[in-house]
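One-letter residues, chain by chain:
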Amino acid sequence: MIDFTFTEEQELFRQAAREFAETQIAPRIPEMEETGRVNAEVVKALGEAEMMAITIPQEYGGLGLGYVARLIALEEISRVSVATAMMLQVLGLGIEPIIKFGTEEQKKKYLPGLAAGERLATIAVTEPTGGSDPTGGRTSYQKDGDDYVINGRKCFITNSHIADTIIVLAKDEEDPDAFSTFVVEGGMEGFKPGHREHKVGLRGCNTGELIFENCRVRGENLLGAEGQGLRVAMTGISEVGRGGMVGCGLGLQAACLEASVKFAQERILYGKPISRLQTIQNKLAEMKIDLDAGRLLGYRAAARQDQGLRSSNEFAVAKHFTTEAAQKAAKMAVDIHGGYGCLEEYAVTRYWRDAAVLGPSAGTSDIMKVIIARWVLS
Ligand SMILES: Cc1cc2nc3c(=O)[nH]c(=O)nc-3n(C[C@H](O)[C@H](O)[C@H](O)COP(=O)(O)OP(=O)(O)OC[C@H]3O[C@@H](n4cnc5c(N)ncnc54)[C@H](O)[C@@H]3O)c2cc1C
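So, here's what we can say about the structure. These numbers come from a predicted model, not from an experiment.

Around the ligand sit 20 residues, and of these Thr126, Ser132, Thr158, Thr364 and Asp366 come closest. A distance of 2.6 Å is found between an oxygen atom of the ligand and a side-chain nitrogen or oxygen belonging to Ser132. Residue Phe156 places a main-chain N or O atom 2.9 Å away from a nitrogen atom belonging to the ligand. In isolation the ligand has 980 Å² of accessible area, and contact with the protein removes 65% of it. Of the pockets mapped on this structure, the ligand occupies the largest pocket. For the shell around the ligand, the secondary structure elements donating two or more residues are α5 (82-101), β1 (121-124), β3 (147-158) and α11 (365-377). Among the residues making up the shell around the ligand, the classes are represented as twelve nonpolar, seven polar and one charged. Taken domain by domain, the makeup of the shell around the ligand includes at least three residues from each of domain 2 (122-225) and domain 3 (231-377).

Leu46, Met51 and Ile77 are the most contacted members of the largest nonpolar core, which has 69 residues in total. With twelve residues, the top contributor of residues to this core is helix α7 (residues 229-266). Viewed by domain, this core spans two of them, domain 1 (8-120) and domain 3 (231-377), each represented by three or more residues. Look past the residues within four positions of Ile77 in its chain and what remains in contact with it is Phe20, Ala21, Ile25, Leu46, Met51, Thr84, Ala85 and Leu88.

Here the focus is the layout of surface pockets. When its volume is computed, the largest pocket comes out at roughly 1,200 Å³. Taken together, the residues of the lining of the largest pocket sort by class into 23 nonpolar, 16 polar and seven charged. Of the volumes computed, that of the second largest pocket is approximately 510 Å³. Residue lining of the second largest pocket: 16 residues in total, with Asp3, Phe4, Tyr299, Arg300 and Ala303 positioned closest to the centre. For the lining of the second largest pocket, the element with the most residues is helix α8 (residues 278-306), which contributes seven residues. When its residues are assigned to classes, the lining of the second largest pocket shows seven nonpolar, four polar and five charged.

So, on to the pairing of strand β2 (residues 140-144). In the sheet, β2 pairs with β3 via five bridges, with the strands oriented antiparallel. The residue of β3 that forms the bridge with Ser140 is Asn151. Here β2 folds back onto β3, and the loop between the two strands holds two residues, one of which, Gly145, carries a positive phi near 65 degrees. Across two bridges, β2 lies against strand β4 (residues 165-172) in parallel orientation. Bridging across to β4, Tyr141 finds its partner in Asp172.

This part is about the environment of Gly47. You can see Gly47 is positioned in helix α3 (residues 40-48). Judged by relative accessible area, which is 10%, Gly47 ranks as buried. Separated by 66 residues in sequence, Gly47 and Gly113 place their C-alpha atoms 10.0 Å apart. The contacts of Gly47, once residues within four sequence positions are left out, are Met52, Ala116 and Gly117.

Rules used in this analysis
- Residues numbered from 1 in each chain as written.
- Predicted model: local features only at pLDDT ≥ 70, side-chain atom pairs only at ≥ 80, totals over all residues.
- Heavy atoms only, no water.
- Near = heavy atom within 4 Å.
- Polar contact = N/O pair within 3.5 Å; in protein donor to acceptor, adjacent residues only side chain to side chain.
- Areas by Shrake-Rupley, 256 points an atom, 1.4 Å probe, with all protein chains shown as cover.
- 1 Å grid on protein atoms, 1.4 Å probe; cavity = no way out; pocket = protein on both sides within 12 Å on 5 of 7 lines; lining within 4 Å.
- Sits in = over half its atoms within 2 Å of the grid points.
- Helix = DSSP H or I, 4+ residues; strand = E, 2+ residues; numbered from the N terminus.
- Nonpolar A, V, L, I, M, F, W, Y, C, P; charged D, E, K, R; others polar.
- Domains from an automatic or database assignment.
- Core = buried A, V, L, I, M, F, W, Y, C linked by side-chain atoms within 4.5 Å.
- Buried < 20%, exposed > 50% of the residue type's maximum accessible area, 1.4 Å probe, protein only.
- Contact = heavy atoms within 4.5 Å.
- Points joined across faces, edges and corners; volume = space filled by probe spheres on them.
- Pairing = 2+ DSSP bridges.

Dropping the structure here:
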(Lines give C-alpha, C1' and ligand atoms only; values in the text may rest on other atoms or scores of the structure.)
Protein backbone atom coordinates (compact mmCIF):
# COMPACT_ATOMS: atom_id res chain seq x y z
CA MET A 1 0.00 0.00 0.00
CA ILE A 2 1.22 3.51 -0.74
CA ASP A 3 0.27 6.04 1.91
CA PHE A 4 0.23 9.61 0.59
CA THR A 5 -0.78 11.20 3.89
CA PHE A 6 1.49 13.00 6.33
CA THR A 7 1.52 11.67 9.88
CA GLU A 8 -0.13 13.73 12.61
CA GLU A 9 3.34 14.65 13.87
CA GLN A 10 4.35 15.85 10.40
CA GLU A 11 1.16 17.92 10.08
CA LEU A 12 1.82 19.55 13.44
CA PHE A 13 5.39 20.20 12.37
CA ARG A 14 4.12 21.83 9.15
CA GLN A 15 1.78 24.10 11.13
CA ALA A 16 4.60 25.06 13.50
CA ALA A 17 6.96 25.80 10.58
CA ARG A 18 4.27 27.92 8.88
CA GLU A 19 3.60 29.90 12.03
CA PHE A 20 7.33 30.36 12.57
CA ALA A 21 7.80 31.68 9.02
CA GLU A 22 4.81 34.01 9.20
CA THR A 23 5.68 35.49 12.59
CA GLN A 24 9.49 35.41 12.68
CA ILE A 25 10.52 35.87 9.06
CA ALA A 26 7.75 37.75 7.21
CA PRO A 27 8.14 41.00 9.24
CA ARG A 28 11.85 41.13 8.30
CA ILE A 29 11.44 40.73 4.55
CA PRO A 30 11.22 44.47 3.72
CA GLU A 31 14.59 45.08 5.41
CA MET A 32 16.14 42.05 3.68
CA GLU A 33 14.86 43.30 0.32
CA GLU A 34 16.11 46.82 1.01
CA THR A 35 19.62 45.93 2.16
CA GLY A 36 20.14 42.59 0.39
CA ARG A 37 21.94 41.53 3.59
CA VAL A 38 21.38 38.55 5.87
CA ASN A 39 19.16 39.54 8.78
CA ALA A 40 20.84 38.55 12.05
CA GLU A 41 17.47 38.29 13.80
CA VAL A 42 16.30 35.76 11.21
CA VAL A 43 19.43 33.65 11.72
CA LYS A 44 18.93 33.82 15.50
CA ALA A 45 15.27 32.84 15.16
CA LEU A 46 16.15 29.87 12.92
CA GLY A 47 18.60 28.67 15.57
CA GLU A 48 16.13 29.11 18.43
CA ALA A 49 13.41 27.27 16.49
CA GLU A 50 15.92 24.41 15.97
CA MET A 51 15.53 24.64 12.20
CA MET A 52 19.20 23.77 11.70
CA ALA A 53 18.87 20.72 13.98
CA ILE A 54 16.23 18.84 11.96
CA THR A 55 18.51 16.27 10.29
CA ILE A 56 21.20 16.09 12.96
CA PRO A 57 20.99 12.89 15.07
CA GLN A 58 19.77 13.37 18.63
CA GLU A 59 23.03 12.02 20.10
CA TYR A 60 24.78 15.12 18.67
CA GLY A 61 22.22 17.63 19.90
CA GLY A 62 19.90 17.47 16.89
CA LEU A 63 16.22 16.61 16.49
CA GLY A 64 16.81 13.54 14.31
CA LEU A 65 13.56 14.18 12.43
CA GLY A 66 14.90 13.30 8.98
CA TYR A 67 14.47 14.57 5.44
CA VAL A 68 10.69 14.62 4.97
CA ALA A 69 10.57 16.94 7.98
CA ARG A 70 13.36 19.02 6.46
CA LEU A 71 11.42 19.34 3.21
CA ILE A 72 8.27 20.36 5.12
CA ALA A 73 10.20 23.09 6.96
CA LEU A 74 11.89 24.38 3.81
CA GLU A 75 8.64 24.42 1.84
CA GLU A 76 6.87 26.39 4.57
CA ILE A 77 9.73 28.84 5.02
CA SER A 78 10.13 29.31 1.27
CA ARG A 79 6.40 30.04 0.95
CA VAL A 80 7.16 33.15 3.02
CA SER A 81 10.81 33.87 2.12
CA VAL A 82 12.70 31.90 -0.54
CA ALA A 83 15.88 33.74 0.52
CA THR A 84 15.62 32.40 4.07
CA ALA A 85 14.82 28.89 2.82
CA MET A 86 17.89 29.04 0.57
CA MET A 87 20.10 30.14 3.46
CA LEU A 88 18.71 27.33 5.64
CA GLN A 89 19.00 24.73 2.90
CA VAL A 90 22.71 25.43 2.44
CA LEU A 91 23.26 25.47 6.20
CA GLY A 92 21.90 21.90 6.06
CA LEU A 93 23.98 21.06 3.01
CA GLY A 94 27.14 22.07 4.88
CA ILE A 95 26.10 19.92 7.85
CA GLU A 96 25.36 16.77 5.83
CA PRO A 97 28.95 15.72 4.93
CA ILE A 98 29.87 15.87 8.64
CA ILE A 99 26.91 13.60 9.49
CA LYS A 100 27.71 11.17 6.67
CA PHE A 101 31.52 11.20 6.56
CA GLY A 102 32.74 12.80 9.81
CA THR A 103 34.77 10.90 12.40
CA GLU A 104 33.31 10.58 15.90
CA GLU A 105 35.58 13.43 17.02
CA GLN A 106 34.46 15.68 14.14
CA LYS A 107 30.77 14.95 14.83
CA LYS A 108 31.21 15.75 18.53
CA LYS A 109 33.19 18.87 17.74
CA TYR A 110 30.90 20.43 15.11
CA LEU A 111 27.37 19.00 15.20
CA PRO A 112 26.09 20.27 18.59
CA GLY A 113 27.08 23.86 17.71
CA LEU A 114 25.58 23.54 14.23
CA ALA A 115 22.34 22.14 15.67
CA ALA A 116 22.06 25.09 18.06
CA GLY A 117 22.84 27.67 15.37
CA GLU A 118 26.00 28.69 17.22
CA ARG A 119 27.99 27.54 14.20
CA LEU A 120 26.87 28.17 10.60
CA ALA A 121 27.82 25.87 7.76
CA THR A 122 28.23 25.92 4.01
CA ILE A 123 29.81 23.90 1.24
CA ALA A 124 32.34 25.38 -1.20
CA VAL A 125 32.70 23.50 -4.47
CA THR A 126 32.06 25.99 -7.29
CA GLU A 127 34.88 28.02 -8.85
CA PRO A 128 35.11 30.28 -11.88
CA THR A 129 36.68 27.36 -13.78
CA GLY A 130 34.28 24.70 -12.54
CA GLY A 131 30.55 24.90 -11.84
CA SER A 132 28.73 22.13 -13.67
CA ASP A 133 32.11 20.40 -13.88
CA PRO A 134 33.41 20.33 -10.29
CA THR A 135 36.65 18.67 -11.44
CA GLY A 136 37.49 21.91 -13.29
CA GLY A 137 38.16 23.69 -9.99
CA ARG A 138 41.72 24.81 -9.29
CA THR A 139 41.68 25.17 -5.51
CA SER A 140 44.47 22.88 -4.34
CA TYR A 141 46.01 21.44 -1.20
CA GLN A 142 49.51 20.34 -0.37
CA LYS A 143 50.39 17.99 2.44
CA ASP A 144 52.92 19.46 4.89
CA GLY A 145 53.71 17.04 7.72
CA ASP A 146 50.39 16.39 9.48
CA ASP A 147 48.87 19.58 8.02
CA TYR A 148 47.37 20.53 4.67
CA VAL A 149 47.89 23.93 3.01
CA ILE A 150 44.97 25.11 0.84
CA ASN A 151 45.18 27.72 -1.94
CA GLY A 152 42.47 28.95 -4.29
CA ARG A 153 39.18 30.80 -4.68
CA LYS A 154 35.58 29.65 -4.56
CA CYS A 155 32.65 31.58 -6.02
CA PHE A 156 28.84 31.57 -5.77
CA ILE A 157 29.05 30.26 -2.22
CA THR A 158 25.84 30.62 -0.22
CA ASN A 159 26.43 31.86 3.35
CA SER A 160 29.97 32.89 2.31
CA HIS A 161 30.13 35.80 4.74
CA ILE A 162 28.23 34.26 7.66
CA ALA A 163 29.49 30.65 7.72
CA ASP A 164 32.24 29.62 10.10
CA THR A 165 32.21 25.89 9.30
CA ILE A 166 32.99 25.45 5.63
CA ILE A 167 33.29 22.18 3.74
CA VAL A 168 35.88 22.88 1.04
CA LEU A 169 36.64 20.71 -1.97
CA ALA A 170 40.26 20.92 -3.16
CA LYS A 171 42.54 18.94 -5.46
CA ASP A 172 45.91 17.45 -4.57
CA GLU A 173 48.74 19.56 -5.97
CA GLU A 174 50.74 16.39 -6.58
CA ASP A 175 47.88 14.51 -8.23
CA PRO A 176 45.23 16.72 -9.90
CA ASP A 177 42.85 13.74 -10.24
CA ALA A 178 42.66 13.33 -6.46
CA PHE A 179 40.20 15.55 -4.56
CA SER A 180 39.72 15.83 -0.80
CA THR A 181 37.36 17.78 1.44
CA PHE A 182 38.34 19.78 4.50
CA VAL A 183 36.49 21.57 7.26
CA VAL A 184 37.80 25.13 7.24
CA GLU A 185 36.81 27.23 10.23
CA GLY A 186 36.16 30.96 10.37
CA GLY A 187 39.19 32.87 11.65
CA MET A 188 41.74 30.33 10.37
CA GLU A 189 44.84 32.06 9.06
CA GLY A 190 44.89 32.36 5.29
CA PHE A 191 41.09 32.14 4.92
CA LYS A 192 38.75 35.05 4.28
CA PRO A 193 35.52 35.79 2.46
CA GLY A 194 35.96 37.89 -0.69
CA HIS A 195 33.49 39.67 -2.94
CA ARG A 196 29.75 39.72 -2.05
CA GLU A 197 27.43 39.09 -5.02
CA HIS A 198 24.37 41.27 -5.63
CA LYS A 199 21.76 38.88 -6.94
CA VAL A 200 18.52 39.85 -8.73
CA GLY A 201 16.59 37.79 -6.21
CA LEU A 202 16.97 35.91 -2.90
CA ARG A 203 17.88 39.19 -1.29
CA GLY A 204 18.74 38.54 2.34
CA CYS A 205 20.55 35.33 1.44
CA ASN A 206 24.29 35.90 1.18
CA THR A 207 26.28 34.63 -1.82
CA GLY A 208 29.95 35.35 -2.41
CA GLU A 209 33.55 34.41 -2.82
CA LEU A 210 35.88 32.56 -0.45
CA ILE A 211 39.64 33.05 -0.62
CA PHE A 212 42.28 30.60 0.59
CA GLU A 213 45.87 31.87 0.68
CA ASN A 214 48.19 29.34 2.26
CA CYS A 215 45.36 28.36 4.58
CA ARG A 216 46.83 25.73 6.88
CA VAL A 217 44.45 23.13 8.33
CA ARG A 218 45.31 20.26 10.68
CA GLY A 219 45.06 16.64 9.57
CA GLU A 220 41.99 16.30 11.83
CA ASN A 221 40.16 18.78 9.54
CA LEU A 222 40.30 16.36 6.60
CA LEU A 223 36.69 15.20 6.10
CA GLY A 224 36.37 11.66 4.74
CA ALA A 225 39.33 9.76 3.36
CA GLU A 226 42.00 11.55 1.34
CA GLY A 227 41.14 11.25 -2.35
CA GLN A 228 37.40 10.76 -1.63
CA GLY A 229 36.53 14.45 -1.75
CA LEU A 230 34.29 14.37 -4.81
CA ARG A 231 32.22 11.60 -3.23
CA VAL A 232 31.94 13.50 0.07
CA ALA A 233 30.86 16.73 -1.62
CA MET A 234 28.63 15.27 -4.32
CA THR A 235 26.77 12.88 -1.96
CA GLY A 236 25.63 15.91 0.00
CA ILE A 237 24.80 18.02 -3.05
CA SER A 238 22.95 15.30 -4.98
CA GLU A 239 20.55 14.49 -2.15
CA VAL A 240 20.47 17.22 0.49
CA GLY A 241 21.43 20.07 -1.86
CA ARG A 242 18.89 19.19 -4.54
CA GLY A 243 16.33 18.24 -1.90
CA GLY A 244 16.76 21.69 -0.42
CA MET A 245 16.18 23.33 -3.78
CA VAL A 246 12.96 21.27 -4.10
CA GLY A 247 11.81 22.83 -0.81
CA CYS A 248 12.62 26.31 -2.15
CA GLY A 249 10.78 25.58 -5.41
CA LEU A 250 7.67 24.13 -3.75
CA GLY A 251 7.31 27.01 -1.32
CA LEU A 252 7.63 29.52 -4.13
CA GLN A 253 5.05 27.66 -6.23
CA ALA A 254 2.62 27.68 -3.28
CA ALA A 255 3.21 31.41 -2.70
CA CYS A 256 2.58 32.22 -6.38
CA LEU A 257 -0.67 30.25 -6.38
CA GLU A 258 -1.94 31.83 -3.16
CA ALA A 259 -1.14 35.38 -4.30
CA SER A 260 -2.77 34.71 -7.67
CA VAL A 261 -5.96 33.28 -6.17
CA LYS A 262 -6.26 36.26 -3.83
CA PHE A 263 -5.68 38.83 -6.55
CA ALA A 264 -7.99 37.07 -9.03
CA GLN A 265 -10.82 37.04 -6.48
CA GLU A 266 -10.35 40.73 -5.62
CA ARG A 267 -9.72 42.29 -9.02
CA ILE A 268 -13.01 43.29 -10.63
CA LEU A 269 -13.29 43.62 -14.39
CA TYR A 270 -16.45 43.57 -16.51
CA GLY A 271 -18.35 43.85 -13.20
CA LYS A 272 -17.03 40.55 -11.77
CA PRO A 273 -13.80 39.11 -10.31
CA ILE A 274 -11.23 38.06 -12.93
CA SER A 275 -11.26 34.61 -11.27
CA ARG A 276 -14.41 34.04 -13.37
CA LEU A 277 -12.39 34.39 -16.60
CA GLN A 278 -11.45 31.05 -18.07
CA THR A 279 -7.96 32.20 -19.08
CA ILE A 280 -7.23 33.11 -15.45
CA GLN A 281 -8.75 29.84 -14.22
CA ASN A 282 -6.52 27.90 -16.63
CA LYS A 283 -3.42 29.55 -15.18
CA LEU A 284 -4.55 28.82 -11.60
CA ALA A 285 -5.28 25.20 -12.53
CA GLU A 286 -1.85 24.82 -14.16
CA MET A 287 -0.18 26.17 -11.03
CA LYS A 288 -2.13 23.70 -8.87
CA ILE A 289 -1.28 20.75 -11.15
CA ASP A 290 2.43 21.64 -11.01
CA LEU A 291 2.36 22.16 -7.25
CA ASP A 292 0.73 18.79 -6.59
CA ALA A 293 3.02 17.01 -9.05
CA GLY A 294 6.09 18.72 -7.54
CA ARG A 295 5.03 17.72 -4.03
CA LEU A 296 4.58 14.09 -5.05
CA LEU A 297 8.03 14.04 -6.67
CA GLY A 298 9.75 15.88 -3.82
CA TYR A 299 8.23 13.95 -0.93
CA ARG A 300 8.76 10.64 -2.78
CA ALA A 301 12.49 11.39 -2.93
CA ALA A 302 12.63 12.57 0.69
CA ALA A 303 10.72 9.50 1.90
CA ARG A 304 13.26 7.26 0.12
CA GLN A 305 16.05 9.23 1.78
CA ASP A 306 14.46 8.67 5.20
CA GLN A 307 14.32 4.94 4.43
CA GLY A 308 18.06 4.96 3.73
CA LEU A 309 17.49 4.29 0.02
CA ARG A 310 19.44 6.03 -2.71
CA SER A 311 17.45 9.09 -3.71
CA SER A 312 19.77 11.18 -5.90
CA ASN A 313 18.02 10.28 -9.19
CA GLU A 314 14.57 10.96 -7.74
CA PHE A 315 15.84 14.30 -6.40
CA ALA A 316 17.24 15.19 -9.83
CA VAL A 317 13.74 14.68 -11.30
CA ALA A 318 12.11 16.64 -8.47
CA LYS A 319 14.70 19.43 -8.58
CA HIS A 320 14.26 19.88 -12.32
CA PHE A 321 10.48 19.84 -12.09
CA THR A 322 9.98 22.11 -9.09
CA THR A 323 12.53 24.80 -9.93
CA GLU A 324 11.24 25.01 -13.53
CA ALA A 325 7.63 24.98 -12.25
CA ALA A 326 8.45 27.75 -9.78
CA GLN A 327 9.73 29.94 -12.64
CA LYS A 328 6.60 29.15 -14.65
CA ALA A 329 4.33 29.86 -11.67
CA ALA A 330 6.06 33.19 -10.97
CA LYS A 331 5.58 34.29 -14.59
CA MET A 332 1.90 33.32 -14.49
CA ALA A 333 1.41 35.06 -11.14
CA VAL A 334 2.92 38.28 -12.52
CA ASP A 335 0.73 37.97 -15.64
CA ILE A 336 -2.45 37.52 -13.58
CA HIS A 337 -1.63 40.76 -11.76
CA GLY A 338 -1.61 42.73 -15.02
CA GLY A 339 0.07 46.12 -14.53
CA TYR A 340 0.15 45.56 -10.77
CA GLY A 341 2.62 42.74 -11.43
CA CYS A 342 5.22 45.43 -12.18
CA LEU A 343 4.82 47.19 -8.84
CA GLU A 344 7.17 46.29 -6.04
CA GLU A 345 4.49 46.48 -3.36
CA TYR A 346 3.08 43.27 -4.82
CA ALA A 347 4.98 40.21 -3.55
CA VAL A 348 4.76 38.54 -6.97
CA THR A 349 7.56 40.80 -8.24
CA ARG A 350 9.82 39.36 -5.52
CA TYR A 351 8.67 35.83 -6.41
CA TRP A 352 9.62 36.46 -10.03
CA ARG A 353 13.10 37.69 -9.13
CA ASP A 354 13.59 34.82 -6.64
CA ALA A 355 12.45 32.26 -9.21
CA ALA A 356 15.16 33.40 -11.62
CA VAL A 357 17.86 32.48 -9.09
CA LEU A 358 16.60 28.96 -8.31
CA GLY A 359 17.71 27.34 -11.57
CA PRO A 360 21.51 27.04 -11.27
CA SER A 361 21.81 26.32 -7.54
CA ALA A 362 22.85 22.70 -6.81
CA GLY A 363 23.10 22.06 -10.56
CA THR A 364 21.30 23.54 -13.56
CA SER A 365 18.25 22.00 -15.25
CA ASP A 366 20.53 20.83 -18.10
CA ILE A 367 22.65 18.96 -15.57
CA MET A 368 19.52 17.42 -13.99
CA LYS A 369 18.61 16.10 -17.46
CA VAL A 370 22.13 14.68 -17.88
CA ILE A 371 21.66 12.79 -14.57
CA ILE A 372 18.13 11.64 -15.44
CA ALA A 373 19.21 10.43 -18.90
CA ARG A 374 22.11 8.50 -17.31
CA TRP A 375 19.55 6.94 -14.95
CA VAL A 376 17.16 5.76 -17.66
CA LEU A 377 19.99 4.55 -19.88
CA SER A 378 21.74 2.55 -17.14
C1 LIG B 1 22.20 31.44 -5.77
C2 LIG B 1 23.27 30.43 -5.96
C3 LIG B 1 23.79 29.78 -4.85
C4 LIG B 1 24.83 28.86 -4.98
N5 LIG B 1 25.38 28.28 -3.86
C6 LIG B 1 26.47 27.48 -3.98
C7 LIG B 1 27.13 26.97 -2.82
O8 LIG B 1 26.75 27.21 -1.68
N9 LIG B 1 28.24 26.20 -2.99
C10 LIG B 1 28.74 25.90 -4.23
O11 LIG B 1 29.73 25.20 -4.32
N12 LIG B 1 28.13 26.37 -5.36
C13 LIG B 1 27.01 27.16 -5.26
N14 LIG B 1 26.39 27.66 -6.39
C15 LIG B 1 26.96 27.38 -7.70
C16 LIG B 1 26.11 26.46 -8.56
O17 LIG B 1 26.24 25.14 -8.12
C18 LIG B 1 26.61 26.65 -10.02
O19 LIG B 1 26.20 27.94 -10.43
C20 LIG B 1 26.05 25.61 -10.95
O21 LIG B 1 26.62 24.35 -10.67
C22 LIG B 1 26.34 25.97 -12.41
O23 LIG B 1 27.68 26.28 -12.60
P24 LIG B 1 28.10 27.61 -13.40
O25 LIG B 1 27.33 28.73 -12.79
O26 LIG B 1 29.57 27.68 -13.40
O27 LIG B 1 27.53 27.39 -14.87
P28 LIG B 1 28.28 26.54 -16.03
O29 LIG B 1 28.70 25.23 -15.49
O30 LIG B 1 29.33 27.40 -16.62
O31 LIG B 1 27.11 26.34 -17.07
C32 LIG B 1 26.82 27.26 -18.15
C33 LIG B 1 25.74 26.66 -19.03
O34 LIG B 1 26.21 25.42 -19.62
C35 LIG B 1 25.28 24.38 -19.36
N36 LIG B 1 25.98 23.12 -19.22
C37 LIG B 1 27.10 22.88 -18.50
N38 LIG B 1 27.46 21.59 -18.59
C39 LIG B 1 26.53 20.98 -19.35
C40 LIG B 1 26.35 19.65 -19.83
N41 LIG B 1 27.18 18.67 -19.47
N42 LIG B 1 25.29 19.39 -20.64
C43 LIG B 1 24.44 20.39 -20.99
N44 LIG B 1 24.56 21.66 -20.58
C45 LIG B 1 25.59 21.96 -19.77
C46 LIG B 1 24.60 24.80 -18.07
O47 LIG B 1 23.34 24.16 -17.91
C48 LIG B 1 24.47 26.30 -18.26
O49 LIG B 1 23.34 26.57 -19.04
C50 LIG B 1 25.32 28.57 -6.27
C51 LIG B 1 24.78 29.19 -7.40
C52 LIG B 1 23.77 30.12 -7.26
C53 LIG B 1 23.23 30.80 -8.47
